[in-house]
Amino acid sequence: MRGNIAQLMQQAQKMQENVQRAQEKLAGVEVVGSAGGMVDITLSGRMECRKVRLDPAALSDPEMAEDLVLAAFNDAVSKVNALSQETLGAATAGMPLPPGMKLPF
């Protein structure tokens, strides 16, 4: 029984190290969300906004510009989330997690 607990603790520690490395890797990644070819928003892997590019033509209609910014931001967030799932999923490979448990904790 003690061997199983020790082995489980080792696996948990290794998974924690892998998750930490994956989070550091994600922090250095940037993704670009786009909308209508008129708005680009760049987010880091930590969901920090790095850059916003607006086509001057989008500014002629403020309501449209607002919608495009919203859509580009949501596109970037979706891309970061997908990348996070992929990266963190690889970091926890081989470690059985309960269904529905999401990382990072």
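Use the structure listed above.
Rules of the game
Residues numbered from 1 in each chain as written. Predicted model: local features only at pLDDT ≥ 70, side-chain atom pairs only at ≥ 80, totals over all residues. Heavy atoms only, no water. Helix = DSSP H or I, 4+ residues; strand = E, 2+ residues; numbered from the N terminus. Buried < 20%, exposed > 50% of the residue type's maximum accessible area, 1.4 Å probe, protein only. Contact = heavy atoms within 4.5 Å. Areas by Shrake-Rupley, 256 points an atom, 1.4 Å probe, with all protein chains shown as cover. Patch = residues over 30% accessible without salt bridge, like charges linked within 9 Å, V, L, I, M, F, W, Y side chains within 5 Å. Salt bridge = Lys/Arg side-chain N within 4 Å of Asp/Glu carboxyl O. Lys, Arg positive; Asp, Glu negative; His and termini not counted. Charge placed at Lys NZ, Arg CZ, Asp CG, Glu CD. Pairing = 2+ DSSP bridges. Axes fitted to C-alpha atoms, helices over the stretch in contact; angles between N-to-C directions.

A. Structural context of the overall build of the chain. What the chain contains, in helices and strands, is two helices and three strands. In the chain, which comprises 105 residues, the proportion classed as buried is 29%. Intrachain contacts of the chain at a sequence separation of at least 6 include 53% that bridge at least 24 residues. Accessible surface, the chain as shown: approximately 7300 Å² in total, 55% of it carbon and sulfur.

B. Geometry of a nonpolar patch on the surface. Judged by side-chain polarity, V52, L54 and L59 come together as a nonpolar surface patch covering roughly 260 Å² of accessible area. Among the secondary structure elements, L59 is positioned in the loop between β3 (49-54) and α2 (62-91).

C. Spotlight on the environment of A35. Mapped onto the elements of the fold, A35 is located in strand β1 (residues 30-35). Between the C-alpha atoms of A35 and A65, which are 30 residues apart in sequence, the distance is 9.9 Å. Sequence-distant contacts of A35, that is, excluding residues within four places in its chain, are made with L68, A71 and A72.

D. Structural view of a negative patch on the surface. Taken together, the side chains of D61, E63, E66 and D67 present a region of like negative charge at the surface. Among the residues examined, D67 registers a relative accessible area of 47% and is labelled partly exposed.

E. Region of the structure containing the sheet that holds strand β2 (residues 39-44). Taken together, the three strands give an open sheet; going across it, the order is β1-β2-β3, and neighbouring strands pair in antiparallel fashion. Looking at the sheet topology across the chains shown, the edges are occupied by β1 and β3. Ignoring strand direction, the axes of neighbouring strands in this sheet form an average angle of 15°. Alignment of β1 against β2, held across six bridges, turns out to be antiparallel. Bridging across to β2, A35 finds its partner in V39.

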